[in-house]
Amino acid sequence: MHLLSKMLILLSIMTALPLAHAAEDRLTLTGSSTVAPLAAEFAKRYESQHPGVRIDVQMGGSSRGINDARMGLADIGMVSRALKPTEQDLTAFVIAMDGIGIILHKSNAVGELSDTQVIDIYTGKIRNWQQVGGVDLPITVVNKAEGRSTLELFLHHFDLKNSQIKAQVVIGDNQQGIKTVSGNRGAIGYVSIGTAEYEEARGTPIKLLPMASQAATVEAIAKGHYPLSRQLNLVVKGIPVGLAENFITFAQSAAVKDLVEAQFFVAP
Amino acid sequence: MADRLFAWLMLGCAVLVVASLLWVLSDVLIEGFAHFSWSFLITEPVDAGRSGGIGPILISTLWILLIALAAALPLGLGVAIWLSEFAPRNSRFAVHTGITLDILAGVPSIVYGLFGNAFFSIYLGMGFSLLSGGLTLACMILPIFVRTCESGLRAVSDDWRKGALALGMTRSSAIWHILLPAARPAIVAGMVLGIGRATAETAALLFTSGYVDRMPESLLDSGRALAVHIYDLSMNVTGGDGAAYASALVLVVLIISLNTLAQSLVDNWFKRRLVVS
C-alpha cells in the first residue's frame, strides 16, 4: 500500500510536469561542438540578466545544427563554418572567428611547410620528415573525422578531397588532435589556433606552423591576414523573432566579447 | 618445472591486471585531488567548466540513474523470474527472448543513444530530458541485468524448489522467500554491472539527456551527466583537463559508493525476508 501510494504520487508529478513549461521564455540551440561551450556561456549570462528565461544548449555537430534549425527541432542552430549555397534558406549570424593551424610535435626540426608540401604529406606522397628538411622519421598524418567543419575548411583551402587523404589517425575534437600530436614525435595535424596557442603556452609539446608566411596567431585572425579561418555562426530559419532575435543581438554585442576571448576565439 | 613456470605465468597475469588498474586509479586520484575541493561538489560550473564545480551535474547524474534503476530493476527481475521459473523448457519464445537479450547486451551504447533520441525524445515528445536519458539507460542495462539474475536463479539447486513444494508453499511464495534470497549474489552482481555501466555512460546520454549544465527543475529538463561533462572537458574545452580529472575522481568514488550501497540494501532486504518467513 505504501509503495502504491508512492507510485501514485510519482505518476501525478510526472503528468503535471509538462504544464510547468511555457514555451514563450524557452530557447533551444543545437549543433557544433566547437560553438556549444561558447553558446552555453552566452546563455548563462543572458539568463542571469533576464530572470525567467531558459536557454538550453545541446551538442551534435554543425550538420545537426543546420538540420535541427531547418526542421524546427531547435530555435537556433550552431554552425562552425559559413553557410553553403544550398543552405540559403537559413540566416547566419557570426558570433566569433576561429583559425585553423597546422601543428607538429615540438621536437620536430621543420619550421615551415609550403602549401604543396602540406598537400603532398596529406596525400601520402611525402612519407618521411627527411624529405622536407627534418630528421629521418616517418610522418604520422592526423586527419579529422567526416562531418567536422575543420575538415571541410582544410580540404577546401588545399583543394583536396577527403578520399585523397592518406591518414594514419582520424580524430574528432580539437583537444583530441592536440593530445595525438603531442604524444607522437612524427605527427602532423590541424586544430583550432586558439586552443593550440593555449596548449603551447601551457607547455604541451606542440608547435604551430605559419601558413602562407602568416604566423598562426589569434591576432593574425583578428586582423584578417590569416588565410585559414572560419566563422562561428548562429543560424535560424528565415528571420529570427522574439527571444531568438534578442539572444542573437546579445550574442553579437560587445557585452559578450570577454566570453569569446575566454573560449580562445576571436570576436568578429 | 613446467608446472612451476605455469603458476608463475598466471601470477604474472594477475599482477599485470592489478597493476594497470592501480595505475589508472592513482592517475585519476593524483590529478583529480589537485583540482578537487568540497565546494567543487556543490557549486555551478563557471567558464565552460574550467572553474566552478559540478553541483547541477551531480544532481542530474543521480536523477538519471534513479530513473534508469527504477525502470530497469523491477522489469528485469520479472523477466528473469519468468525465464528461469515459468517459461516451459525449450519453448521457442523463451529461447528467442534469451537470444534477443544476448544480442541487445552486445549492442554499442551509441545505438541506444540514437534509439533513445528517436523514440523517447522525439516520438514520445520528452525532448532532451532526464527522463528520456534515464529510460534510455534502462533499456541499455536491462539485458545484462536480466541475464545475470536469470543465471543466478537457475543456479539454485532444484532440491530447494522440491523442498518448498513438499512444505506446501505456493510457487510465488517459494520464489519470493526462497529462490530470490538464494540468488542474492547474482542479483547484486547484476545491479553492480548495471549501475557501473549506467553511471559511466556518455554516448547514450549525449543525445537524450543532453548538454545543459543548469540545475534541473523537473524530470523533463535537460541535464548533463557526469560522464558527458568529463567528455566535454577533455575533448572540447581548452584547458579543461584539471576539472575533467576532478570530475573523474568524483565519478569513480560515486560508482564505488553506489555499488556498496546497492550491496548492503539487497543484503538487508533479503536477510529480513529470511528471518520474517
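The structure we're discussing is the one just above.
Cut-offs applied
Residues numbered from 1 in each chain as written. Chains lettered and ligands numbered in written order. Predicted model: local features only at pLDDT ≥ 70, side-chain atom pairs only at ≥ 80, totals over all residues. Heavy atoms only, no water. Helix = DSSP H or I, 4+ residues; strand = E, 2+ residues; numbered from the N terminus. Buried < 20%, exposed > 50% of the residue type's maximum accessible area, 1.4 Å probe, protein only. Contact = heavy atoms within 4.5 Å. Areas by Shrake-Rupley, 256 points an atom, 1.4 Å probe, with all protein chains shown as cover. Lys, Arg positive; Asp, Glu negative; His and termini not counted. Charge placed at Lys NZ, Arg CZ, Asp CG, Glu CD. Salt bridge = Lys/Arg side-chain N within 4 Å of Asp/Glu carboxyl O. Core = buried A, V, L, I, M, F, W, Y, C linked by side-chain atoms within 4.5 Å. Phe/Tyr/Trp six-rings, centres within 6.5 Å; stacked < 30°, edge-to-face > 60°. Lys NZ or Arg CZ within 6 Å of the ring centre and 35° of its normal. Buried area = accessible area lost by both parts, 1.4 Å probe. Polar contact = N/O pair within 3.5 Å; in protein donor to acceptor, adjacent residues only side chain to side chain. Nonpolar A, V, L, I, M, F, W, Y, C, P; charged D, E, K, R; others polar.

A.B. asks: Describe the overall build of chain A, and please don't skip the residues or the numbers.
C.D. replies: Scanning chain A for helices and strands turns up 10 helices and nine strands. Here the C-alpha coordinates of chain A stretch approximately 75 × 50 × 35 Å along the principal axes. Per-residue burial for chain A yields a buried fraction of 50% across its 268 residues. When contacts within chain A are restricted to residue pairs at least 6 apart in sequence, long-range pairs at least 24 apart make up 73% of them. Element-wise, carbon and sulfur atoms account for 57% of the exposed surface of chain A, whose accessible area totals about 12100 Å². Treating the 24 positive side-chain charges of chain A as one cloud and the 25 negative ones as another, the clouds have centres 6 Å apart.

A.B. asks: Before we move on, can you summarise unusual backbone geometry with the specific residues and values?
C.D. replies: Residues and elements named next belong to chain B. Unlike most non-glycine residues, Asp47 shows phi in positive territory, near 55°. Residue placement: Asp47 occurs in the loop between strand S1 (45-46) and strand S2 (51-52). Positive phi, close to 55°, is recorded for Ala48, a residue that is not glycine. Among the secondary structure elements, Ala48 is positioned in the loop between S1 and S2. Overall, the relative accessible area of 8% leaves Ala48 in the buried class.

A.B. asks: So, the pattern of salt bridges: which residues are in play, and what are the values?
C.D. replies: In the structure shown here, the tally under the stated rule is 29 salt bridges over all chains. The shortest N-O distance in the salt bridge between B:Glu85 and B:Arg161 comes to 2.8 Å. Of the two residues, B:Glu85 is situated in helix H2 (residues 55-86) and B:Arg161 in helix H6 (residues 158-166); the sequence distance between them amounts to 76 residues. B:Glu85 sits in the buried class, given a relative accessible area of 11%. Assessed through its relative accessible area of 19%, B:Arg161 is described here as buried. One connected set of salt bridges, linked through shared partners, spans A:Arg26, A:Glu47, A:Arg54, A:Asp56, B:Arg214, B:Glu217 and B:Asp221.

A.B. asks: Residue-level account of the nonpolar core, with values.
C.D. replies: Ranked by internal contacts, the top residues of the largest apolar core, which has 98 residues, are A:Leu29, A:Phe42, A:Val57, A:Ile76, A:Leu234 and A:Phe247. Considering every element that reaches this core, the biggest residue donor is H2(B), with 13 residues. Excluding residues that lie within four positions of it along the chain, A:Phe247 makes contacts with A:Leu27, A:Leu29, A:Ala39, A:Phe42, A:Ala43, A:Tyr46, A:Ile55, A:Ile76 and A:Leu234. Grouped together as the second largest cluster of nonpolar side chains are 42 residues, A:Ile103, A:Leu104, A:Ile121 and A:Ile126 included.

A.B. asks: Please set out the packing of aromatic side chains residue by residue, giving values where relevant.
C.D. replies: In the structure shown here, the tally under the stated rule is 15 aromatic pairs over all chains. Geometrically, the ring pair formed by B:Trp82 and B:Phe93 is edge-to-face, given 5.5 Å between the ring centres and 65° between the ring planes. Here B:Phe93 lies in helix H3 (residues 92-105) and B:Trp82 lies in helix H2, a separation of 11 residues in the sequence. By relative accessible area, which is 30% here, B:Trp82 ends up partly exposed. Here the aromatic rings of B:Phe119 and B:Phe120 are separated by 5.1 Å at their centres, their planes lie at 70°, and the arrangement is edge-to-face. Since its relative accessible area comes to 31%, B:Phe119 is described here as partly exposed. B:Phe120 gets classed as buried once you look at its relative accessible area, which sits at 8%. Of the aromatic side chains, those joined through ring pairs into one cluster are A:Tyr122, A:Phe154, A:Phe158 and A:Tyr190. When the ring centre of B:Tyr211 is taken as origin, the NZ or CZ atom of B:Arg224, which lies over that ring, is 4.2 Å away.

A.B. asks: Any chance you could break down the interface of chain B and chain A for me, citing the residues and the numbers?
C.D. replies: Contacts between chain B and chain A engage 30 residues on the former and 33 residues on the latter. Between chain B and chain A, a total of about 2700 Å² is buried, with carbon and sulfur atoms accounting for 51% of that surface. When the buried area of chain B at its contact with chain A is split by residue, B:Tyr211, B:Arg214 and B:Thr238 rank highest and sum to 24% of it. Between B:Glu217 and A:Arg54 there is a salt bridge, with its nearest N and O atoms 2.9 Å apart. At the boundary of chain B and chain A, one finds 15 residue pairs in polar contact (both at pLDDT 80 or more). A per-element tally of the side of chain B that touches chain A places helix H10 (residues 226-235) of chain B first, with four residues. Tallied by class, the residues present in the side of chain B that touches chain A amount to 14 nonpolar, eight polar and eight charged.

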